2 protein chains.
Amino acid sequence: MHQKKPRQKKPDIDRIFHALGDLTRRAILEQLGHGAVSVSKLAAPLDITLAAVVQHLQVLEESGLVRTEKLGRVRTCQVDPIGLAAAEGWIRDRRTAWDRQLDRLEELLAEENPEG
Amino acid sequence: MHQKKPRQKKPDIDRIFHALGDLTRRAILEQLGHGAVSVSKLAAPLDITLAAVVQHLQVLEESGLVRTEKLGRVRTCQVDPIGLAAAEGWIRDRRTAWDRQLDRLEELLAEENPEG
DNA sequence: AATATAGTAAAGTATCTGCTTAACTAATTA
DNA sequence: TAATTAGTTAAGCAGATACTTTACTATATT
């Protein structure tokens, strides 16, 4: 009774940020934002080989940022928002930590200097 | 009259995500979330050389994620939230693109299948 | 059946990255 | 002033990374 769902693939922050660290992979994610597409349509505007695109897709899929499915001979790719949400969450946590820090500083200043 | 402020360093998405792609650099950012610290305090828990930490800090500073200032012989480091906000924004854009896509899909399904 | 299309897999390679060591400068402290 | 502390810089290196080419499989089209 320690796990409600057999989570399909828990987002791995390390792999996610590593995947996001590459310009081409981010370009792929941007394209996928407009809708699910096949591997070769993904490759068309990218100025690298199909083989290279497939390698990037492997990284993206292993990180959980993208899900793909093969029907017949065409593999269709789409963004998995869970992964993106995880990355966004990590950053937001850092930002709120920074905000808390700022608040604390303001408190200290207010204590030291009670009336402007 | 085409620029209000001489922006000190416009956030560069490419450098930012590259910087975030490294585990050690993210650990540095997490530590900086608790407050501004010196280079050697930053290095203490990191199990790598001071020199290596300095190199990571260079990457973080060039990306705009961190700002540092040297007073006497000690350099103090702190998060620059602008950079983090830029990264968070990029991700949010991708997610909302995905959401729009999902909405469009729901509309299509609703049209094809008007009443359950 | 022959050809074209969509993708995969493996091997090789040039470049990038994260790290170390070592030698150095500048600011404290004893 | 001598020793310590905090950080910097450069050189070098092992392993990772983003590609390429080539050869291949499976599905679709003619």
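The coordinates are above.
Residues numbered from 1 in each chain as written. Chains lettered and ligands numbered in written order. Predicted model: local features only at pLDDT ≥ 70, side-chain atom pairs only at ≥ 80, totals over all residues. Heavy atoms only, no water.

(A) Fine view of the nonpolar core. A:Leu20, A:Leu57, B:Leu20 and B:Leu57 are the most contacted members of the largest nonpolar core, which totals 50 residues. Once residues lying within four places of it in the same chain are set aside, the contact partners of A:Leu20 are A:Arg26, A:Leu29, A:Leu65, A:Ala87, B:Phe17, B:Trp90 and B:Ile91. (Core = buried A, V, L, I, M, F, W, Y, C linked by side-chain atoms within 4.5 Å. Buried < 20%, exposed > 50% of the residue type's maximum accessible area, 1.4 Å probe, protein only. Contact = heavy atoms within 4.5 Å.)

(B) Summary view of the relation of the copies chain B and chain A. Overlaying chain B on chain A yields an RMSD of 0.0 Å, the required transformation being a rotation through 180° with an accompanying axial translation of 0.0 Å. In symmetry terms, the pair is related by a two-fold rotation axis. Interface overlap between copies: 100% of the residues of chain B at the interface are likewise at the interface in chain A, consistent with a symmetric, same-surface contact. (Least-squares fit on C-alpha atoms with pLDDT ≥ 70 in both.)

(C) Representation of the protein's contact with DNA strand D within the structure. Close to DNA strand D lie 22 residues; A:Thr49, A:His56, B:Ser40, B:Arg73 and B:Arg75 are nearest. In DNA strand D, atoms within 4 Å of the protein come from the sugar-phosphate backbone in 72% of cases. One nitrogen or oxygen atom from the side chain of A:Asp22 is found 3.3 Å from a phosphate oxygen belonging to DNA strand D. In the environment of DNA strand D, a phosphate oxygen lies 2.4 Å from a nitrogen or oxygen atom belonging to the side chain of A:His56. Secondary-structure elements contributing two or more residues to the surface near DNA strand D are helix H2 (23–32) and helix H4 (50–63) of chain A together with helix H3 (39–43), helix H4 (50–63) and strand E3 (74–79) of chain B. Counting residues per element, the surface near DNA strand D draws most heavily on H4(A), which supplies four residues. Tallied by class, residues from the surface near DNA strand D come to eight nonpolar, eight polar and six charged. (Near = heavy atom within 4 Å. Polar contact = N/O pair within 3.5 Å; in protein donor to acceptor, adjacent residues only side chain to side chain. Helix = DSSP H or I, 4+ residues; strand = E, 2+ residues; numbered from the N terminus. Nonpolar A, V, L, I, M, F, W, Y, C, P; charged D, E, K, R; others polar.)

(D) Geometry of the pattern of salt bridges. If you walk through the whole model with that rule in mind, you get 13 salt bridges over all chains. With a shortest N-O distance of 3.7 Å, B:Arg92 and B:Glu88 are connected by a salt bridge. Separated by four residues within a single helix, B:Arg92 and B:Glu88 lie in helix H5 (residues 81–112), roughly one turn from each other. Salt bridges linked by common partners bring A:Glu88, A:Arg92, A:Arg95, B:Glu88, B:Arg92 and B:Arg95 together as one network. (Salt bridge = Lys/Arg side-chain N within 4 Å of Asp/Glu carboxyl O.)

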